[in-house]
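Observations on the three-dimensional arrangement
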Amino acid sequence: MGLFDRHAGLLEAYRDVRTTGYDPFQIRMERVLSPTEAIINGKKTLLVGTNNYFGLTFDESCKEAAIEAIRAEGTGTTGSRIANGSYNEHVALEQEIAEFYGKKHCMVFTTGYQANLGVISTLAGEGDFLLIDADSHASIYDACKMTQAEVVRFKHNDPSSLDARLRRLGDRPGNRVVVLEGIYSMLGDSAPLREFVDVCKKYGAYVLIDEAHSLGALGETGRGLCESTGVLDDCHFIVGTFSKTLGAIGGYCVSDDPDFDILRVTVRSYMFTASLPPSIVASVRQALRVVKAKPELRKQLWDNVATLYDGLAAKGFKLGPEHGPVVGVHLPDRMLAIGFWRAMLDAGIYVNVAVPPATPNGVSLLRCSVCAVHTAEQLEHMIEVMTGIGRQLGVLGDPKLRVVGGTR
Amino acid sequence: MIVENDGMTDTIDLRRESTLARGEVMGEICHHLLPYQTGEKPIVGDTVIAKDLTIDSLAIMDMVMELEDRFDISIPMNVVAEIHTVDQLADTILKLHARR
Ligand SMILES: Cc1ncc(COP(=O)(O)O)c(C=O)c1O
């Protein structure tokens, strides 16, 4: 058997994808112009698939902070914090994130992926139980492969499914760690967190929530679903990323657990990789200040979500279950999704295409992510373009025939 | 008195559990796998789930969740990873069910 034979199925699917002309997994942004525009294939293109929820990648104050930090402290740390030590900036950032959540401890990682991978696989060890939502992000699934704990999946966003699985554990000794996400990355739906927390309390389980897509977007002060549902104190571990709303790269985990810092000498994805460079840390600290100082960005984001979601729904598109900064547009199959995606790129609009096995329940999606600094005109233009392509590809019915039916 | 009563219910429960028939488990598994059958080849005990059928790994895990709820057991993911055939899946379900 050849080295790549085991991937034969995937290679075939990938070949299918590429027959459409462009390879969605190798798009080149020839030049990024702003949080909402880039040159792709020589053409100015609207970006609606970059998780840049607040548009902070081009925020002047964040850029200046990063430039200043490079001048002062250089371009990189050239090692991990346990080997090369922490810079003042790392420690300050951790304090600021801990304060933001009102938690005692924070650990910063080089990516959110590494935060999930390391924290989850270390928290639940041999003899423990890890219970994860079926639609969990790849970083959570990968953590499950690394842990010695028993891993059980429960049905997506279904507290009764979690309840049944915790009940079945009965009085077997071992910690129970439940992993949830604030906003799910494919369909933009939120977890029924309060109900989940109630179930966890009933069985004495720890709650870890990944707020990757909800930081900034949810909650009175942008702390995420744990804040908007009023259960911040009941979430034992909150993980997040700097790579979306905060416009840079990196991950974190906060907690009140008095022994939390032991993770610094046990989590391998923290110990054995280089720490974030000073420029990133500086821009993230500034981005966090912007999130606190400009709650209007959150309102702009949700106004834009409403424009896009309601606009597409009105045209007859089948969408994810609720408003969210991620808007997932369902398409009947993989090839249609890829054809649709390509037609949009030709029309100057970039979104993500998500097809099985990367999607829940084998669905094919156009995954759009909304930005606070998208203009209403940009989004209305996008709805118009998508409607045209949808009719052309037969995804949307003839509007004349639809009038009678009215609702979706 | 109370202790005696508890003992009674335990015995009755155990006897009821042990009556879960292999045929019932096989029937339930086949019901879930039927949509993934290839051609005329029947689904039997030594059908290799991931190879002889058109089911992908995610759909296998989703089927496992359904079976878990049907038989009120949990099959840990690392145990699922070791299961290859329909027979092995049925054995695992029967074993976990008996241990409840
Ligand atoms: C839910 C979720 N968790 C974690 C991550 C990983 O974040 P990062 O980009 O910081 O590695 C992502 C992003 O890909 C995500 O969607």
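Residues numbered from 1 in each chain as written. Chains lettered and ligands numbered in written order. Predicted model: local features only at pLDDT ≥ 70, side-chain atom pairs only at ≥ 80, totals over all residues. Heavy atoms only, no water.

So, about the overall build of chain A. Tallying secondary structure elements over chain A gives 15 helices and 14 strands in all. On C-alpha atoms alone, chain A measures out to a radius of gyration of 22 Å, which is about the 22 Å that the 2.2 N^0.38 rule sets for 408 residues. Taken along the three principal axes of its C-alpha coordinates, chain A extends 65 × 55 × 55 Å. Going through the 408 residues of chain A one by one, you find that 56% of them count as buried. Of the contacts formed within chain A by residues at least 6 apart in sequence, a portion of 69% connects residues at least 24 apart. For chain A, the accessible area works out to roughly 17,400 Å², and carbon and sulfur atoms hold 52% of it. Computing the positive centroid from 42 side-chain charges and the negative centroid from 48, chain A places the two 4 Å apart. (Helix = DSSP H or I, 4+ residues; strand = E, 2+ residues; numbered from the N terminus. Rg over C-alpha atoms; globule rule 2.2 N^0.38 Å. Buried < 20%, exposed > 50% of the residue type's maximum accessible area, 1.4 Å probe, protein only. Contact = heavy atoms within 4.5 Å. Areas by Shrake-Rupley, 256 points an atom, 1.4 Å probe, with all protein chains shown as cover. Lys, Arg positive; Asp, Glu negative; His and termini not counted. Charge placed at Lys NZ, Arg CZ, Asp CG, Glu CD.)

As a further point, take the overall build of chain B. The helix and strand tally for chain B stands at six helices and zero strands. Put simply, chain B runs from its N terminus to its C terminus through helices and strands in the order α-α-α-α-α-α. For chain B, restricting intrachain contacts to residue pairs at least 6 apart in sequence, the fraction spanning at least 24 positions comes to 58%.

With that out of the way, let us pick up the sheet that holds strand β10 (residues 251–255) of chain A. Hydrogen bonds between backbone atoms are what pair the strands of a sheet, whose relative direction is either parallel or antiparallel. Residues and elements named next belong to chain A. Taken in spatial order, the seven strands line up as β4-β10-β9-β8-β7-β5-β6 in an open sheet, and their pairing is mixed. At either end of the open sheet lies a strand with only one pairing partner, and these are β4 (105–109) and β6 (150–154). Each strand of the sheet is rotated relative to its neighbour by a mean of 20 degrees, with strand direction disregarded. By the bridge criterion, five bridges tie β4 to β10 in an arrangement that is antiparallel. By the bridge assignment for β10, His105 is matched with Ser255. With respect to the sheet, helix α4 (residues 88–101) is in contact with β4, β9 (237–241) and β10, its orientation differing from that of β4 by roughly 130 degrees. Strands in contact with helix α6 (residues 138–146) are β5 (129–133), β6, β7 (176–181) and β8 (206–210); relative to β5, the strand with the most contacts, it is inclined by about 160 degrees. (Pairing = 2+ DSSP bridges. Axes fitted to C-alpha atoms, helices over the stretch in contact; angles between N-to-C directions.)

Moving on: the side chain of Asp189(A). Residue and element names in this part refer to chain A. Tracing the sequence through the fold places Asp189 in the loop between β7 and α8 (193–203). At 9.9 Å, Arg367 is the nearest oppositely charged side chain to Asp189, a buried residue that forms no salt bridge. There is a polar contact of 2.7 Å between the side chain of Asp189 and the side chain of His156. Apart from residues lying up to four places away in sequence, Asp189 is in contact with His156, Asn157, Gly182, Ile183, Tyr184, Pro321 and Glu322. (Salt bridge = Lys/Arg side-chain N within 4 Å of Asp/Glu carboxyl O. Polar contact = N/O pair within 3.5 Å; in protein donor to acceptor, adjacent residues only side chain to side chain.)

Turning our eyes to something else, we now look at the site of the ligand. Residues and elements named next belong to chain A. Near the ligand, the surroundings consist of 15 residues, among which Gly112, Asp210, His213, Thr241 and Lys244 are the closest. Here an oxygen atom of the ligand sits 2.7 Å away from a polar atom, N or O, in the main chain of Gly112. Taking 390 Å² as the accessible area of the ligand by itself, protein coverage stands at 84%. For the shell around the ligand, the element with the highest residue contribution is helix α5 (residues 112–123), accounting for three residues. (Near = heavy atom within 4 Å.)

Residues and elements named next belong to chain A. Over its 14 residues, α4 extends 20 Å from the first C-alpha to the last, a length consistent with the 20 Å expected when each residue adds 1.5 Å. Among the 14 residues that make up α4, 10 are buried, leaving the element largely enclosed by the rest of the structure. Those residues of α4 lying buried are Glu89, His90, Ala92, Leu93, Glu94, Glu96, Ile97, Ala98, Phe100 and Tyr101. Positive backbone phi, at 70 degrees, marks Gly102, one or two positions downstream of α4. (Expected span 1.5 Å × (residues − 1).)

Another aspect to go through is the state of the cysteines. All names here are of chain A. Summed over the entire model, instances satisfying the criterion amount to zero disulfides over all chains. Free cysteine Cys62: the closest other cysteine sulfur is in Cys371, separated by 13 Å. The closest cysteine sulfur to the non-disulfide-bonded Cys226 is located on Cys235, 5.3 Å from its own sulfur. The buried category is assigned to Cys226, whose relative accessible area is 0%. (Disulfide = S-S within 2.5 Å.)

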